[in-house]
Amino acid sequence: MERGVVDLSSLSGGFDLQATVESGQSYLWDRTDGRMYENRDGGAYGGTAWYWTTVRTDDGTPAVVRVRQTDGRLEWESTVDATDRLRHRLRLDDDLGAIEAATPDRPLLGRAFDAYRGMRLVRDPSFASLVSFICSAQMRVGRIHGMQQALREAFGEPVTFDGGTYHAYPTPESLATATEADLREVGLGYRAPYVKRSAELVADGELDPDDATGRPYEEAREFLTGFVGVGQKVADCVLLFSLGYLEAVPLDTWIRTTIEEYYPDCERGSYEETSRAIRETFGGEYAGYAQTYVFHYLRSGGE
DNA sequence: TAGATACCTTATAG
DNA sequence: ACTATAAGGTATC
């Protein structure tokens, strides 16, 4: 067992672990106390709960990383050195202060940033992010998370850690090998064939979500719709929560409602044009940050 | 090309 | 208890 501490006190804009991993952008973290999503407004840092996920080591085998936030520190336990991986996965190097400063003073945005100060975007592994958001169609966040847990337990490689058994996120190969019936068995419903066929595309080397990286934003979004079960909204989620396109604004039901109520002039009829308008309203470069704050704020009962 | 509809499953509202 | 509704949409016609 290795242990480490990441100092958070010097981070611009601070950090809020609970808000970051329980805000519906990542479905790859679990609370060890099993109380995920229970107290959204929750006390400071979710009562310093422990969370765990898995990371890929250099030789390709998965390792468990367990973390908790206490005051200005992020403590971790793992079998590998997790400091750099956590900085990367939790975007601890983002200059949140500058990002908020660059966000326009528009209705709702200030309150949303205030409510979850320190919440950061995540950088999830691309395949897991892709499958998570294929599963997200017409689902509540608690059940999306439950689906990912079920997928891990049914198809993920077991990892022993600190006397317990955990499961890594399934590989493309394992989900491509699963039958549609297998995937329906774990509660995916009509998303089952989407997940299987998209996993096959990756496993067969026909399409790789990482190949979206480097393309101009709208082209990258179009590229990702080549997967099955991936429309523009899901593509935007993968771009924002995995591939680092911070300007991506997924137009989900919450944001559409927000546009109706607060930014009606941004409603342009098509996804593409409405997306352009709301991204501009949210400040362009970091518009996805604003979207994520608004989403979490409203969904958590902010107003 | 734009518009309507089916789709798994379950938590929640009434 | 029971039914209707909606949930971070997409594929298909």
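Participant: Give a detailed account of the packing of helix α6 (residues 126-135) against helix α10 (residues 192-203), specifying residues and quantitative values.
Facilitator: The geometry of α6 relative to α10 is characterised by a closest axis approach of 10 Å and an angle of 160° between their N-to-C directions. What the angle tells us is that α6 and α10 run roughly antiparallel. Handedness of the α6/α10 crossing: right-handed. Seen from α6, the contacting residues are Phe-127, Val-131, Ile-134 and Cys-135; seen from α10, they are Tyr-194, Val-195, Ser-198, Ala-199 and Val-202.

Participant: Talk me through the protein's contact with DNA strand C; I want residue IDs and the actual numbers.
Facilitator: Taken together, 27 residues surround DNA strand C, and among them Gly-24, Met-139, Arg-140, Asp-252 and Gln-291 come closest. Of what DNA strand C places within 4 Å of the protein, 54% of the atoms are sugar or phosphate. Note that a base nitrogen of DNA strand C is positioned 2.3 Å from one of the side-chain N or O atoms of Asp-252. Every element with two or more residues in the surface near DNA strand C is listed here: α12 (232-241), α13 (253-262) and α15 (287-299). Ranked by residue count, the leading element in the surface near DNA strand C is α12, at four residues. When the residues that make up the surface near DNA strand C are grouped by side-chain class, the tally is 14 nonpolar, ten polar and three charged.

Participant: How would you summarise the protein's contact with DNA strand B if you had to cite specific residues and measurements?
Facilitator: Close to DNA strand B lie Met-139, Arg-140, Arg-143, Arg-184, Gly-189, Tyr-190 and Arg-191. Interatomic distance of 2.9 Å between a side-chain N/O atom of Arg-143 and a base oxygen of DNA strand B. Taken together, the residues of the surface near DNA strand B break down into two nonpolar, one polar and four charged.

Participant: Let's hear about the packing of aromatic side chains: which residues, and what values?
Facilitator: Counted under the stated rule, the structure contains eleven aromatic pairs. Relative to Tyr-293, the ring of Phe-113 has its centre 4.1 Å away and its plane inclined at 20°; by these criteria the two rings are stacked. With Phe-113 in helix α5 (residues 109-115) and Tyr-293 in helix α15, this residue pair connects regions lying 180 residues apart in the sequence. Put simply, the rings of Tyr-27, Phe-133 and Phe-241 touch in pairs and so form one group of aromatic residues. Its end group placed over the ring of Trp-50, Arg-66 keeps NZ or CZ at 5.9 Å from the ring centre. Over the ring of Tyr-190 we find Arg-191, and its NZ or CZ is 4.3 Å from the ring centre.

Participant: Report on the domain arrangement of chain A, specifying residues and quantitative values.
Facilitator: Per the domain assignment, the segments of chain A are domain 1 (2-93) and domain 2 (126-241). Distance from the C-alpha centre of domain 1 to the C-alpha centre of domain 2: 21 Å. Listed as interface residues are 18 residues of domain 1 and, on the opposing side, 20 residues of domain 2. The contact between domain 1 and domain 2 buries some 1700 Å² in all, and 66% of this surface belongs to carbon and sulfur atoms. For the domain 1 face of the interface with domain 2, the top three residues by lost area are Tyr-27, Leu-28 and Val-64, together amounting to 34%. Applying the counting criterion to the domain 1 and domain 2 interface returns two salt bridges. Put simply, Arg-66 and Asp-162 hold a salt bridge, and the shortest N to O gap is 2.8 Å. Here domain 1 and domain 2 share five residue pairs in polar contact (both at pLDDT 80 or more) between them. Elements with a minimum of two residues in the side of domain 1 that touches domain 2: β3 (51-56), β4 (62-70) and β5 (73-78).

Conventions and cut-offs
Residues numbered from 1 in each chain as written. Chains lettered and ligands numbered in written order. Predicted model: local features only at pLDDT ≥ 70, side-chain atom pairs only at ≥ 80, totals over all residues. Heavy atoms only, no water. Axes fitted to C-alpha atoms, helices over the stretch in contact; angles between N-to-C directions. Helix = DSSP H or I, 4+ residues; strand = E, 2+ residues; numbered from the N terminus. Parallel < 35°, antiparallel > 145°, perpendicular 65-115°, else oblique. Left-handed = near helix turned anticlockwise from the far one by under 90°. Contact = heavy atoms within 4.5 Å. Near = heavy atom within 4 Å. Polar contact = N/O pair within 3.5 Å; in protein donor to acceptor, adjacent residues only side chain to side chain. Nonpolar A, V, L, I, M, F, W, Y, C, P; charged D, E, K, R; others polar. Phe/Tyr/Trp six-rings, centres within 6.5 Å; stacked < 30°, edge-to-face > 60°. Lys NZ or Arg CZ within 6 Å of the ring centre and 35° of its normal. Domains from an automatic or database assignment. Buried area = accessible area lost by both parts, 1.4 Å probe. Salt bridge = Lys/Arg side-chain N within 4 Å of Asp/Glu carboxyl O.

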